[in-house]
Amino acid sequence: MRKKKTLAIFGLAILLCGVFSGVAVASEVVKFGGSTLGGDFGYPSPYAFYPRGMGYIYMSFCFDTLTWKDETGVIPWLADSWEMSDDGKTWTFHLHEGIKWHDGEPFTADDVKFTFDYMKEHPRPKWFKSFKHIDHVDVVDDYTVVIHLKNPVADFLVCIAGDVPIFPKHIWDGVGDPKQFKGKEAVIGTGPFRLAEYNKEEGYYLWEANEEYFKGKPLVDELISMKVSDTALALKTGHLDEASFWRKDIDVVAEFEGNPDFKIIEAPGYWVLQIIFNCEKYPTNITEFRHAIAYGINRSEIIQKVVHGGAIPANPGILQPGIEWYNPDLPGYEHNVTRANEIIDALNFTDSDGDGIREYPTGEEMEFELITIDKFSREAELIKSQLREVGIKINVKSMDKSTVDTILKEGNFFLAINGHGGCSYPDILEAPDWPAGTYHNDSYDSIFEEQATTMDSEERKQLVYQLQGTIADDLPVYALYHPKRWAIYKPEKLDTWFYTKNGIAHGIPYELNKLVFTGEEAPTPATPMATTMSTTTPIPKPPGFEATFAIVGLLAVAYLFLRKRGQ
Amino acid sequence: MHRITKIISYIILIISILSFNFFLPRVMPGDPLSFLTGGPAMDMPIVLDKEMRAKLLAYYGLDKPLQQQFYAYMLGILHGDLGWSVYFNAPVSEIVIGGLKWTLLLVGAATAIYMVLGILLGAISAWNRCGKRDVGLLTFVLSISSFPSFFLGMLFIILLGVNLSFFPISGAQTPFAEYSTPFEAALDAFRHLLLPAMTLVIAHIGGIYLLMRNSMLNVIGEDYILTARAKGLSERYIMHTHAMKNALLPIITMIALRAGFMISGTIFVETVFAYPGVGRLLYDAVTYRDYPLLQGAFLIITLVIITANFVADMTYAHLDPRVKHE
């Protein structure tokens with residue numbers, strides 16, 4: 001009897017093994033993902049990806065641009081070299097010869113011209129503004145193309161040449177609605193990877209290396225991105241080889257510090273959280289009043305208590321400290337309750353009934369709604385208690401993003417908290433579209449226009465300094481913090497991770513530059529490919545292994561069970 | 001005659017739902033274009049000027065007067081066309097069905113398990129009222145059921161998924177797996193299904209158990225049970241044939257009512273296990289103000305719920321012949 005019991009348990013164990021052993025997955029891969037990098041970002045064709053940074057990056061694995069960026073700045077890519085005319089309106093690109101599309105067709109200047117013409121005809125919101133500057137494109141010969149602009153564009157090499165993916169004429173010619181054009185053909189580019197699989201529901205992608213890539217065979221055979229239940233956990237269990245963290249995730253990053261299996265790199269988030277003032281409504285239309293609120297807010301406390309130190313106090317001029325246009329000489333609005341009180345007292349808003357809250361000269365209590373999206377409600381609550389000290393009563397109202405946007409657009413608010421990216425290029429300073437719709441200043445607008453077309457970098461820097469100075473003085477928005485960002489990875493899988501200068505392409509702040517995987521100019525004889533994949537290859541299983549096991553186990557259990565009954 | 005009235009009332013229901021689906025999303029502040037410029041993280045800000053905005057509105061047909069849009073929407077539905085999602089840039093039917101198949105699998109499996117378990121345990125509990133079994137079951141079921149489902153999910157992931165590495169911790173399939181037989185594919189889906197389904201079962205079993213227990217207690221007090229006892233029938237027979245069948249009636253209604261909640265209410269479980277499904281999709285559709293997707297998703301989900309209710313109605317009539325004659 002005991003023997004039978006043992007047998008039964010054994011059979012059951014086999015059955016369980018069959019059920020729970022994993023299904024074999026391809027080896028030699030690098031897997032990234034998690035809450036920031038993973039998930040569904042749309043089909044990675046130039047028109048179908050979702051308007052998010054990761055959508056663009058996924059697309060950039062399959063498609064190349066004329067120029068690209070590394071850690072130090074703009075580098076040649078599809079174009080080996082280029083010249084700008086003296087007026088900054090004509091750009092001549094000399095294309096790299098011998099590049100092939102994934103389907104084997106040669107890449108030529110015709111494809112570049114076609115891409116620009118097609119994009120002009122079928123605008124995609126992301127590039128619509130940039131394309132307004134483009135007049136026309138001429139093909140000189142197979143490997144020379146000239147782009148004529150209507151006016152000089154200061155960031156041309158980044159926001160157009162380094163951002164617009166070039167797609168093949170022989171495929172896209174005649175495509176009527178590019179948004180609906182999907183399928184294998186729509187992702188044929190010149191890029192280092194080919195899309196092998198995309199699963200929308202599960203949010204995972206598989207790319208295969210393009211062995212004939214013109215910059216050399218990529219370091220990685222396969223690239224996988226996926227959504228996971230818990231990013232840090234997935235890194236530890238080996239479900240992911242790399243993941244990205246930011247802001248409050250600093251607590252998670254601390255867990256990985258000192259772990260020899262992982263490396264951590266830090267970068268600026270190129271993102272800013274700000275408090276937006278309504279510059280059209282009394283009393284937030286009074287500049288001094290806005291100054292007083294800025295003095296009343298303790299940014300270090302917000303950074304410590306809400307994001308646990310995962311951010312730096314923001315540049316009141318919005319641009320990320322450290323970039324070439326950052327103006328370091330702006331008023332800091334260090335937390336100073338006395339100063340704030342003095343300013344508001346001078347404006348004649350005093351606490352006449354002694355309840356700790358100031359009144360307007362009319363006798364009404366000074367009480368504002370602070371509008372925020374749910375994500376930043378903790379910052380808002382802290383600001384509420386801080387402003388209480390200067391006698392201003394705040395009611396926090398948190399709503400979803402579309403509602404906040406609508407309210408901001410309609411101007412039906414006093415104070416709002418909102419955040420946005422793009423702090424690595426001066427374009428983000430454009431008013432009134434962004435970031436504060438209620439602020440109007442003609443001289444600011446004309447300086448903005450001027451810097452956007454100034455090709456001399458020193459001259460442009462001075463203009464951008466002025467823009468930041470105006471924002472810091474007038475304070476239509478008060479920048480609170482710039483979050484930090486981290487990449488955590490397993491160096492034994494891949495050790496080439498780095499952060500791109502001012503973000504990938506037009507400022508996308510992630511570490512997934514395709515250069516990480518192509519190892520462009522990285523391999524030197526001294527370090528013999530320590531970066532290539534040397535993972536332990538799982539023992540290949542014969543097909544149907546689990547199935548056979550499961551069936552055998554089931555039969556064993558059934559047999560013993562029936563035997564027992566029969567007795 | 002009764003059946004015809006019922007069918008007519010269902011048709012009226014569907015038409016009013018269609019209209020609600022169209023107008024409700026449009027009442028919310030904001031529009032689908034606002035999310036094309038960036039989300040709360042906004043890692044790639046896009047400035048949408050008036051010209052581009054006008055072009056996009058025209059592309060999605062949102063520039064037309066409301067009644068014209070409504071007409072186009074109704075016409076599309078009659079043709080079986082649910083439209084094109086603004087954010088996800090794909091046909092709505094494809095997106096919704098892609099998510100719904102996993103939700104139905106998850107919810108279906110969980111409902112089947114919690115229903116059977118809940119009914120059985122409830123019946124046993126009631127039959128042994130105030131006995132050891134009853135008190136034990138009551139304490140046990142209520143205490144596990146009162147765990148929040150996302151917490152329970154995390155617990156399962158850490159205990160069973162990570163520590164024992166018995167179960168996969170996310171998704172509904174092993175990514176990029178190549179199956180040699182359909183059996184293997186089913187096995188893989190089953191392994192991924194177990195933890196989320198278990199979480200749902202535990203989260204929902206409490207309600208059904210309590211209802212069954214109460215309903216059973218009511219039935220036990222009825223005269224016909226006394227009669228059955230007087231006839232000398234065995235306890236087991238009375239419990240199964242006389243008591244349980246009658247106690248089931250309110251349960252059927254409850255399950256039908258819950259079907260709708262289960263479909264959208266799985267969002268916690270979907271999020272914790274990164275399980276694809278319609279709950280998360282609905283949440284995104286609302287956040288992005290993706291009108292076509294919202295309309296399509298709500299429509300398909302309501303159809304599923306109406307079907308569930310219809311089935312419940314029919315089952316009810318079958319279980320309780322009195323309903324037919326009313």
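As the structure is a computational prediction, the values presented were derived from the model and not from experiment.

J.: Any details on the pairing of strand 11 (residues 242-246) of chain A? Residues and values, ideally.
T.: Residues and elements named next belong to chain A. Burial within strand 11 is extensive, with 5 of its 5 residues counted as buried. The alternating pattern of strand 11 places Glu242, Ser244 and Trp246 and Ala243 and Phe245 on opposite faces, both of which are buried. Bridge count for strand 1 (residues 29-33) against strand 11 is 2 bridges, and the pairing is parallel. Across the sheet, phenylalanine 32 pairs through a bridge with glutamate 242, a residue of strand 11. Pairing analysis gives 5 bridges linking strand 11 to strand 18 (residues 477-489), with the strands arranged antiparallel. Bridging from a neighbouring strand, serine 244 pairs with alanine 487 of strand 18.

J.: Outline a nonpolar patch on the surface, listing residues and values.
T.: Residues and elements named next belong to chain B. Residues Phe147, Phe150, Phe151, Leu155, Ile158, Leu159 and Phe268 make up a contiguous nonpolar surface patch of about 620 Å² in total accessible area. Among the elements that line the nonpolar patch, the one with the most residues is helix 6 (residues 149-163), at 5 residues. Residue position: phenylalanine 268 is located in helix 11 (residues 267-272).

J.: Give me the pairing of strand 1 of chain A: which residues, what numbers.
T.: Residues and elements named next belong to chain A. In terms of residue burial, strand 1 counts as a mostly covered element, since 5 of its 5 residues are buried. By the alternation rule, side chains of strand 1 split into Val29, Lys31 and Gly33 and Val30 and Phe32, which are all buried. Bridging between strand 1 and strand 10 (residues 222-226) involves 5 bridges; their strand directions are parallel. Its bridge partner lying in strand 10, lysine 31 is registered against isoleucine 224.

J.: Please set out the packing of aromatic side chains residue by residue, giving values where relevant.
T.: Residues and elements named next belong to chain A. Evaluation of the coordinates by the stated rule reveals 66 aromatic pairs over all chains. Look at phenylalanine 256 and phenylalanine 262: their rings are 4.9 Å apart centre to centre, the planes differ by 85 degrees, and that puts the pair in the edge-to-face class. Across the pair, phenylalanine 262 and phenylalanine 256 agree in class, each one buried. Members of the aromatic cluster, joined through ring pairs, are Phe32, Phe41, Tyr43, Tyr58, Phe61, Phe193, Tyr198, Tyr205, Trp207, Tyr489, Trp497 and Phe517. One residue, lysine 126, lies across the ring of tyrosine 56, its end atom 5.1 Å from the ring centre.

J.: Mind laying out the interface of chain A and chain B, listing which residues take part and the relevant values?
T.: Counting residues at the interface gives 73 residues for chain A, matched by 67 residues for chain B. The contact between chain A and chain B buries some 5700 Å² in all, and 63% of this surface belongs to carbon and sulfur atoms. Summed over the shared surface of chain A and chain B, the number is 2 salt bridges. Between glutamate 51 of chain B and lysine 132 of chain A there is a salt bridge; the shortest N-O distance is 3.3 Å. Seen at the junction of chain A and chain B, the total is 11 residue pairs in polar contact (both at pLDDT 80 or more).

J.: Account for the pattern of salt bridges, with residues named and values stated.
T.: All names here are of chain A. Across all of its chains, the model carries 24 salt bridges over all chains by this definition. As a salt-bridge pair, lysine 514 and aspartate 64 come within 2.8 Å of each other at their nearest N and O atoms. Here lysine 514, found in the loop between strand 18 and helix 17 (515-518), pairs with aspartate 64, found in the loop between helix 3 (53-62) and strand 2 (67-69); they are 450 residues apart in sequence, far enough to count as distant. Like lysine 514, the residue aspartate 64 is buried in the burial classification.

J.: Just give me the short version of unusual backbone geometry, but keep the residues and values in it.
T.: Residues and elements named next belong to chain A. Cis geometry is adopted by the peptide bond preceding proline 283, which originates at tyrosine 282 and carries an omega value of 5 degrees. Mapped onto the elements, proline 283 comes out in the loop between strand 13 (271-277) and helix 10 (287-296). Phi is positive for isoleucine 318, which is not a glycine, with a value near 75 degrees. Relative to the helices and strands, isoleucine 318 resides in the loop between strand 14 (311-313) and helix 12 (337-346). The class of isoleucine 318 is buried, set by a relative accessible area of 1%.

Conventions we followed
- Residues numbered from 1 in each chain as written.
- Chains lettered and ligands numbered in written order.
- Predicted model: local features only at pLDDT ≥ 70, side-chain atom pairs only at ≥ 80, totals over all residues.
- Heavy atoms only, no water.
- Buried < 20%, exposed > 50% of the residue type's maximum accessible area, 1.4 Å probe, protein only.
- Helix = DSSP H or I, 4+ residues; strand = E, 2+ residues; numbered from the N terminus.
- Pairing = 2+ DSSP bridges.
- Patch = residues over 30% accessible without salt bridge, like charges linked within 9 Å, V, L, I, M, F, W, Y side chains within 5 Å.
- Areas by Shrake-Rupley, 256 points an atom, 1.4 Å probe, with all protein chains shown as cover.
- Salt bridge = Lys/Arg side-chain N within 4 Å of Asp/Glu carboxyl O.
- Phe/Tyr/Trp six-rings, centres within 6.5 Å; stacked < 30°, edge-to-face > 60°.
- Lys NZ or Arg CZ within 6 Å of the ring centre and 35° of its normal.
- Contact = heavy atoms within 4.5 Å.
- Buried area = accessible area lost by both parts, 1.4 Å probe.
- Polar contact = N/O pair within 3.5 Å; in protein donor to acceptor, adjacent residues only side chain to side chain.

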